[in-house]
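Per-entry structural report
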Amino acid sequence: MGLRDEQKQATRERVLEAARDLFNEIGYDETTIRAIAERAGVSVGSVFTTFASKAEVLSHVMERRLGDLYSEFDRVLPYLRGSTADRLCSIFAIHYEFETRRVKLFLAHIAASFSPSNEPGITPFGRNERLASMLVDVLTDGVKRGEVRDDLDLTLVVDSLKAFYAWNYRMAAAMGSDATAMSAVMDRQIGLVAEAWRPR
Amino acid sequence: MSFVSLNFESPTEAPIKLTRRAMAKQRTRERVLSSARRLFSERGYEGTTIRDIAQVAGMSTGAVFASFADKAELFDEILTADYEVVIAQMAVAAREGATVEASLLGLFDVAYRFHTEQLPLTRASIAVSWTRSDVAERRYRNDLLQVFRLLADCLQRGVAQGELKADFDAKLVAEIIWDMYVANYRRAIYDSWSAEALLERLAKQLRIVLAGVRA
């Protein structure tokens, strides 16, 4: 990597870190590119040479965070034990544990997923293949073990679980719930769906 | 079915014995609301400023601020007006269904059709709802209570009719049905799904969830 590339990379890191903190401290809407540049100690122009928009900055902040989370999952997944429902509960509990450290940031991520953007650099919540495939894998395994009905539309189940998962963050925001409280609610929601997927 | 919202540009019956001043104030409010509705629908929440709204309404920003404290209050007022219209129609549709599934689908059919007809406004309202202040969130939760009551009624009737078992957590079921309903709007936003397609998807999701609580 040349010196120029190295500098570019360093700017990028600084911008993402500053944006992550600002989005979480004062909120996404209130954060301007100018404020991000200021906190990162770079010029506004150099933010714009790296990212096309604030939405793209948010998307990259999340992508990087989730990258860390998912490499953790690569390590943990093979050790998940218990029923299909138990495994799903564990996966979501780990997510809550991770994201409740920066609730406001995550809420901004969900909010952005309802604002369409055709910019190529953006992956909204709900389009994260990694989470979806992890959940489908657990369910598929459940089908193999005879715990889950084999005529179930697994993608539909996964999308529904993700909807509950996201909605529960509002509790965290509105009532100051912690990861444990959110996981407890999610466990009950998963339990309810598990009742429905049981072969009969 | 056509939906008539309370603050579309339409002359409302003036209550009797309003002073001229009060009437003028009322008219200003209505002009602001209808301009705001138009701009929020076209440009979304973030893309609309009080200055734009004032310009479209043909008045000063000061005059807008005389009627509304800020953009959030203006936006909420529009949503509440819509909400009152749509919730009444959802209630009617819910009563018409013979089974739990039919009444739930009936009420969500109303909601999907209403909200996809003005998708930019819907999109803005969902997006904003995730990042609003605590006060706004509490107000929103109040509105939501009405929907949850409707959903609970449908589920209750299902129990009474012997379709659903008696001992399930109706609140939890109502909540997850609502989560699925809202999340499906992403399909309308990103993939241009129609109200019919959204409802069809929700029908499949409902079938999965209800399977767990059937008698």
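Residues numbered from 1 in each chain as written. Chains lettered and ligands numbered in written order. Predicted model: local features only at pLDDT ≥ 70, side-chain atom pairs only at ≥ 80, totals over all residues. Heavy atoms only, no water.

Take the overall build of chain B next. Tallying secondary structure elements over chain B gives 10 helices and 0 strands in all. Reading the secondary structure of chain B in the N-to-C direction produces α-α-α-α-α-α-α-α-α-α. Considering only C-alpha atoms, chain B reaches an extent of 60 × 40 × 35 Å along its principal axes. Across the 215 residues in chain B, those meeting the buried criterion constitute 51%. When the accessible surface of chain B is split by element, carbon and sulfur atoms take 53% of a total near 10,600 Å². One finds the centroid of the 29 positive side-chain charges in chain B at a distance of 4 Å from the centroid of its 28 negative side-chain charges. (Helix = DSSP H or I, 4+ residues; strand = E, 2+ residues; numbered from the N terminus. Buried < 20%, exposed > 50% of the residue type's maximum accessible area, 1.4 Å probe, protein only. Areas by Shrake-Rupley, 256 points an atom, 1.4 Å probe, with all protein chains shown as cover. Lys, Arg positive; Asp, Glu negative; His and termini not counted. Charge placed at Lys NZ, Arg CZ, Asp CG, Glu CD.)

Turning to the pattern of salt bridges, a few remarks are in order. The tally for this structure, following the rule as stated, stands at 25 salt bridges over all chains. A salt bridge links Asp-141 of chain A to Arg-87 of chain A; its shortest N-O distance comes to 3.4 Å. Taken together, the positions of Asp-141 of chain A in helix H7 (residues 129-144) and Arg-87 of chain A in helix H5 (residues 84-99) put the pair 54 residues apart, joining distant regions of the chain. You can call Asp-141 of chain A partly exposed: its relative accessible area is 26%. Where Glu-101 of chain B meets Arg-207 of chain B, a salt bridge forms, and the shortest distance between an N and an O atom there is 3.1 Å. (Salt bridge = Lys/Arg side-chain N within 4 Å of Asp/Glu carboxyl O.)

Another point: the side chain of Arg-65 of chain A. Residue and element names in this part refer to chain A. Mapped onto the fold, Arg-65 is located in helix H4 (residues 54-76). Looking at Arg-65, the relative accessible area reads 9%, which means it is buried. With sequence-adjacent residues up to four places away left out, Arg-65 is seen in contact with Arg-20, Phe-98, Glu-99, Arg-102 and Leu-105. (Contact = heavy atoms within 4.5 Å.)

The next thing to look at is unusual backbone geometry. Phi at Ser-192 of chain B takes a positive value of approximately 55°, unusual for a residue other than glycine. On the basis of relative accessible area, Ser-192 of chain B is assigned to the exposed category, the value being 63%.

Attention shifts here to the packing of aromatic side chains. Taken as a whole, this structure holds 21 aromatic pairs over all chains when the rule is applied. When the ring of Phe-92 of chain A is compared with that of Tyr-165 of chain A, the centres are 5.2 Å apart and the planes differ by 40°; the resulting orientation is tilted. Of this pair, Phe-92 of chain A sits in helix H5 while Tyr-165 of chain A is found in helix H8 (residues 154-167), placing the two residues 73 residues apart along the sequence. Each member of the pair, Phe-92 of chain A as well as Tyr-165 of chain A, is classed as buried. Over the face of the ring belonging to Trp-130 of chain B we find Arg-170 of chain A, whose NZ or CZ atom lies 4.7 Å from the ring centre. The ring centre of Trp-193 of chain B lies 5.7 Å from the NZ or CZ of Arg-187 of chain B, which sits over that ring. (Phe/Tyr/Trp six-rings, centres within 6.5 Å; stacked < 30°, edge-to-face > 60°. Lys NZ or Arg CZ within 6 Å of the ring centre and 35° of its normal.)

Residues and elements named next belong to chain B. Domain assignment breaks chain B into domain 1 (19-68) and domain 2 (70-211). On a C-alpha basis, the centroid separation for the pair domain 1 and domain 2 is 29 Å. Counting residues at the interface gives 16 residues for domain 1, matched by 14 residues for domain 2. Summed over both partners, the interface of domain 1 with domain 2 buries about 1,400 Å², with 67% contributed by carbon and sulfur atoms. Summed over the three residues of domain 1 that lose the most area to domain 2, namely Arg-37, Tyr-45 and Phe-68, the buried surface amounts to 47% of that side. Where domain 1 packs against domain 2, one counts 2 salt bridges. Here Asp-82 makes a salt bridge to Arg-37, at a shortest N to O gap of 2.7 Å. (Domains from an automatic or database assignment. Buried area = accessible area lost by both parts, 1.4 Å probe.)

If you look at the biggest cluster of nonpolar residues, it comprises 120 residues, and the most contacted ones within it are Trp-197 of chain A together with Trp-178 of chain B. Beyond its immediate stretch of four places on either side in the chain, Trp-197 of chain A contacts Thr-84, Ala-85, Leu-88, Leu-139, Glu-147, Val-148, Arg-149, Leu-152, Val-157 and Ile-190 of chain A. Phe-40, Ile-53, Met-59 and Ala-124 of chain B belong to the second largest nonpolar core, which has 19 residues in total. (Core = buried A, V, L, I, M, F, W, Y, C linked by side-chain atoms within 4.5 Å.)

As a further point, take the confidence of the model for chain B. Residue and element names in this part refer to chain B. Chain-level pLDDT for chain B is 87 on average; 90% of the residues reach the 70-or-more range. Summarising per-element confidence for chain B, the mean pLDDT is lowest in helix H7 (residues 134-160) (85) and highest in helix H5 (residues 100-117) (96). Across the whole predicted complex the pTM is 0.86, and at the interface the ipTM reaches 0.85. (pLDDT = per-residue confidence, 0-100.)

Turning our eyes to something else, we now look at the domain arrangement of chain A. All names here are of chain A. Segmenting chain A into domains produces domain 1 (1-51) and domain 2 (54-197). Listed by partner, the interface residues are 17 residues for domain 1 and 15 residues for domain 2. Interface area for domain 1 against domain 2, summed over the two sides, is near 1,500 Å², with a carbon-plus-sulfur share of 63%. Sorting the residues of domain 1 by area buried against domain 2 places Arg-20, Asn-24 and Tyr-28 first, and these three jointly supply 40% of that buried surface. Our count for the contact surface shared by domain 1 and domain 2 stands at 2 salt bridges. With a shortest N-O distance of 3.6 Å, Asp-21 and Arg-102 are connected by a salt bridge. At the boundary of domain 1 with domain 2, the tally comes to 7 residue pairs in polar contact (both at pLDDT 80 or more). For the side of domain 1 that touches domain 2, the element with the highest residue contribution is helix H1 (residues 3-26), accounting for 10 residues. By residue class, the composition of the side of domain 1 that touches domain 2 is 7 nonpolar, 4 polar and 6 charged. (Polar contact = N/O pair within 3.5 Å; in protein donor to acceptor, adjacent residues only side chain to side chain. Nonpolar A, V, L, I, M, F, W, Y, C, P; charged D, E, K, R; others polar.)

What follows concerns helix H8 (residues 170-183) of chain B. Residue and element names in this part refer to chain B. Given a rise of 1.5 Å per residue, 14 residues ought to cover 20 Å, and the 20 Å separating the end C-alpha atoms of H8 matches this to within 8%. Burial of H8 is extensive: 12 of the 14 residues sit out of reach of the surface. If you check which residues of H8 are buried, you get Leu-172, Val-173, Ala-174, Glu-175, Ile-176, Ile-177, Trp-178, Asp-179, Met-180, Tyr-181, Val-182 and Ala-183. (Expected span 1.5 Å × (residues − 1).)

Below, the discussion takes up the confidence of the model for chain A. Of the residues in chain A, 98% reach a pLDDT of 70 or more, and the chain-wide mean stands at 89. Confidence, read as mean pLDDT per element, is least for helix H9 (residues 169-175) of chain A in chain A (78) and greatest for helix H2 (residues 33-40) of chain A (95).

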